[in-house]
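# Descriptive analysis of the structure
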Amino acid sequence: MDIRSVSQSKRPQNLPSADALILSQIEPVVKEVLASTPFIDVHTHLFPPAFGKLGLWGIDELLTYHYLEAEFFRSSDMPPELYWNLSKRQQADAIWQLLFVENTPISEATRGIIAVLKAFDLPTETTTLEEARSFFQAQRIESHVPTVLEMAGISTVVMTNDPLDPDEQLIWMNGVKPPPQFASALRLDRILRDWGSNWQQLAKQGYAVDARASGKTADEIRRFLSDWYERMRPVYMAVSLSDSFQFPEDTIQSKLLAEAVIPSCREFDLSLSLMIGVRRQVNPRLRLAGDAVGRADLRALENLCRAFPDNRFLVSVLSRENQHELCVYARKFSNMMPFGCWWFLNNPSIVEEITRERIEMLGASFIPQHSDARVLEQVIYKWQNTRTILARILTNTYQLLANDGRGIRRQDIQRDVTRFFRSNFERWMHSGSAGSSVV
Ligand code: RAT
Ligand code: ZN
């Protein structure tokens with residue numbers, strides 16, 4: 001129906017106003033708004049140039065992404081032990097040869113490589129990687145980073161910052177400050193998931209903690225978090241949790257969460273990001289590619305959101321089977337913000353399903369996606385794919401609404417897209433001083 005074909009004078013009161021888009025205009029406007037709105041990438045593993053070797057970029061890193069290594073081991077006869085003994089360049093060559101030359105790169109992760117090569121006008125069908133290697137070698141990382149962020153349409157990436165990673169610790173201790181495009185996130189996996197192997201690191205740094213997390217341990221972890229808050233100025237704290245995560249329970253993890261991390265988040269007005277459902281190292285031979293997924297019991301999340309109404313939780317769940325429950329909990333607890341289609345979910349068919357479900361249940365009150373990029377240039381294909389899927393979903397959503405009788409204006413679309421990819425996150429960062437670092 002051409003909504004604008006009804007003239008003003010004859011227009012009954014319940015018809016949409018004259019500045020509404022006609023149905024066929026919705027798709028181009030949605031695409032244009034998605035393309036012109038700079039997004040915030042709320043969870044990545046990227047680092048700015050000042051963090052040196054921690055920041056991964058270029059063709060060899062792209063090809064040895066653990067998503068591709070997992071696919072390589074499916075099609076190769078090479079035992080993982082042999083692969084790990086190769087140099088990075090040899091590994092990249094082996095992956096290129098097997099997944100791109102001897103096979104058609106039809107999986108999501110392999111298509112991503114093709115899209116990145118294409119974005120830089122590099123050959124996508126050669127047998128060797130020489131041209132791509134020369135191109136990346138010729139780039140200066142300081143100017144390459146802003147170019148890539150611009151190509152991906154993102155203004156800011158949130159890093160993953162582990163205060164107990166020895167290499168990263170040194171950088172922060174030396175007073176290196178990330179530029180405003182790189183917001184930090186204080187990652188707590190070593191403390192919350194493996195206290196037994198990590199408490200001594202804190203003890204060596206002068207915090208009065210012990211293996212059983214007794215006595216002053218919780219207070220001392222709060223002192224540790226306060227020191228790292230000052231150093232990193234994070235926009236949130238974060239932890240990934242297994243599918244067996246429970247709260248409350250009689251464990252060190254539960255105690256440290258309730259007595260150290262959650263009170264610290266309140267103290268610094270930071271949200272806590274919970275990424276639930278990963279089963280680490282089901283196949284250790286594959287290293288980073290050896291993690292899997294399990295369905296979690298989201299009553300733990302219910303208990304957290306109810307017990308700590310003054311805390312804010314950003315939540316991503318890895319299992320497809322947990323997605324609907326997550327939406328239901330988001331309707332019950334406004335202190336919880338679902339975000340992203342994480343890791344094994346970041347495939348067009350699943351992103352489409354989850355995002356439609358979230359829109360139907362939550363309107364625009366969630367953060368549809370993050371990239372989880374580990375290698376700089378990945379943001380190009382990951383955000384390209386997100387924009388393509390979102391264009392389809394939003395067009396359909398607005399067309400349904402227009403058919404229901406509500407006129408759709410460009411500013412409605414802009415308001416929703418801004419909310420999804422910027423302001424939901426900015427508002428979630430609240431009034432905390434660090435929030436201002438997200439630009
Ligand atoms: O997606 C990934 O690269 C995973 O290996 C994990 O890093 C995950 O995203 C995480 O942050 O734990
Ligand atoms: Zn991640």
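That block above? That's the structure.
Presented here is a report on the structure given in the accompanying data block. Everything numeric in this text was worked out from a predicted model, so none of it was measured.

Quick notes on the rules
- Residues numbered from 1 in each chain as written.
- Chains lettered and ligands numbered in written order.
- Predicted model: local features only at pLDDT ≥ 70, side-chain atom pairs only at ≥ 80, totals over all residues.
- Heavy atoms only, no water.
- Helix = DSSP H or I, 4+ residues; strand = E, 2+ residues; numbered from the N terminus.
- Rg over C-alpha atoms; globule rule 2.2 N^0.38 Å.
- Buried < 20%, exposed > 50% of the residue type's maximum accessible area, 1.4 Å probe, protein only.
- Contact = heavy atoms within 4.5 Å.
- Areas by Shrake-Rupley, 256 points an atom, 1.4 Å probe, with all protein chains shown as cover.
- Lys, Arg positive; Asp, Glu negative; His and termini not counted.
- Charge placed at Lys NZ, Arg CZ, Asp CG, Glu CD.
- Donors = N, O, S within 2.8 Å, 3.2 Å for Na, K, Ca; no water.
- Pairing = 2+ DSSP bridges.
- Near = heavy atom within 4 Å.
- Polar contact = N/O pair within 3.5 Å; in protein donor to acceptor, adjacent residues only side chain to side chain.
- 1 Å grid on protein atoms, 1.4 Å probe; cavity = no way out; pocket = protein on both sides within 12 Å on 5 of 7 lines; lining within 4 Å.
- Sits in = over half its atoms within 2 Å of the grid points.
- Nonpolar A, V, L, I, M, F, W, Y, C, P; charged D, E, K, R; others polar.
- Axes fitted to C-alpha atoms, helices over the stretch in contact; angles between N-to-C directions.

Okay, the overall build of the protein chain next. Each helix and strand counted, the protein chain has 18 helices and 10 strands in total. The C-alpha radius of gyration of the protein chain comes to 23 Å, within 12% of the 22 Å expected for a compact globule of 439 residues. The principal-axis extents of the C-alpha atoms in the protein chain amount to approximately 80 × 55 × 40 Å. Expressed as a percentage of the 439 residues in the protein chain, the buried residues total 55%. When contacts within the protein chain are restricted to residue pairs at least 6 apart in sequence, those whose partners lie at least 24 apart make up 76%. Accessible surface computed for the protein chain: about 19100 Å², of which carbon and sulfur atoms make up 50%. Here the protein chain contributes 49 positively and 53 negatively charged side chains, and the mean placements of these two sets differ by 4 Å.

Attention now goes to the coordination of the zinc ion (ligand 2). Ideal geometry at a metal centre gives angles of 109.5 degrees when four donors are arranged tetrahedrally and 90 or 180 degrees when six donors are arranged octahedrally. On the protein side, the zinc ion (ligand 2) has His43 (NE2), His45 (NE2) and Asp372 (OD) as donor atoms, found 2.0 to 2.1 Å from it. Donor residues for the zinc ion (ligand 2), ordered by position in the chain, follow H-x1-H-x326-D. A residue pair is termed long-range when its members are at least 10 positions apart, and histidine 45 in the loop between strand E1 (39-41) and helix H2 (59-63) and aspartate 372 in the loop between helix H16 (348-362) and helix H17 (378-404) qualify at 327 residues. In this structure aspartate 372 comes out as buried when scored by relative accessible area, which is 7%.

In this section: the sheet that holds strand E2 (residues 154-158). Sheets are built from strands that pair by backbone hydrogen bonding, the pairs being arranged parallel or antiparallel. An order of E1-E2-E3 is seen for the 3 strands of this open sheet, with the pairing classed as parallel. This sheet does not close on itself; its edge strands, each paired only once, are E1 and strand E3 (182-183). As defined by bridge partners, E1 adjoins E2 across 3 bridges and the pair is classed as parallel. Within the sheet, the bridge partner assigned to phenylalanine 39 lies in E2 and is isoleucine 154.

Every residue near ligand 1 is listed here: His43, His45, His66, Tyr67, Arg187, Arg280, Trp342, Trp343, Asp372 and Arg374. In the environment of ligand 1, an oxygen atom lies 3.0 Å from a nitrogen or oxygen atom belonging to the side chain of histidine 45. Contacts to ligand 1 include arginine 374, whose side-chain N or O atom sits 2.4 Å from an oxygen atom. For ligand 1, whose free accessible area comes to 300 Å², the fraction covered by protein is 98%. The site holding ligand 1 turns out to be the largest pocket. Partitioned by chemical class, the residues of the shell around ligand 1 number 3 nonpolar, 3 polar and 4 charged.

Let's shift gears to the sheet that holds strand E5 (residues 236-241). The strand order across the open sheet formed by 5 strands is E4-E5-E6-E9-E10, and the pairing between neighbours is parallel. Two strands in the sheet have a free side with no partner beyond their single neighbour: strand E4 (185-187) and strand E10 (336-338). The sheet shows a mean angle of 25° between the axes of neighbouring strands, direction not considered. Pairing between strand E9 (residues 313-317) and E10: 3 bridges, direction parallel. In the strand pairing of E10, leucine 314 is matched with methionine 337.

Now for the side chain of threonine 64. Checked against the element boundaries, threonine 64 lands in the loop between H2 and helix H3 (66-75). By relative accessible area, which is 8% here, threonine 64 ends up buried. Here aspartate 60 takes part through its backbone oxygen, which lies 2.7 Å from a polar atom of the side chain of threonine 64. Non-local contacts of threonine 64, meaning those with residues more than four positions away in its chain, are made with Glu69, Tyr83, Lys88, Gln91, Ala92 and Ile95.

Right, let's talk about the environment of threonine 418 for a bit. By the element assignment, threonine 418 lies in helix H18 (residues 410-428). What makes threonine 418 partly exposed here is its relative accessible area of 25%. Distance from threonine 418 to proline 38, taken between C-alpha atoms, is 8.6 Å for residues 380 residues apart in sequence. For threonine 418, the contacting residues outside a window of four places in its chain are Thr37 and Ser423. A polar atom in the side chain of threonine 418 sits 2.8 Å from the backbone oxygen of glutamine 414.

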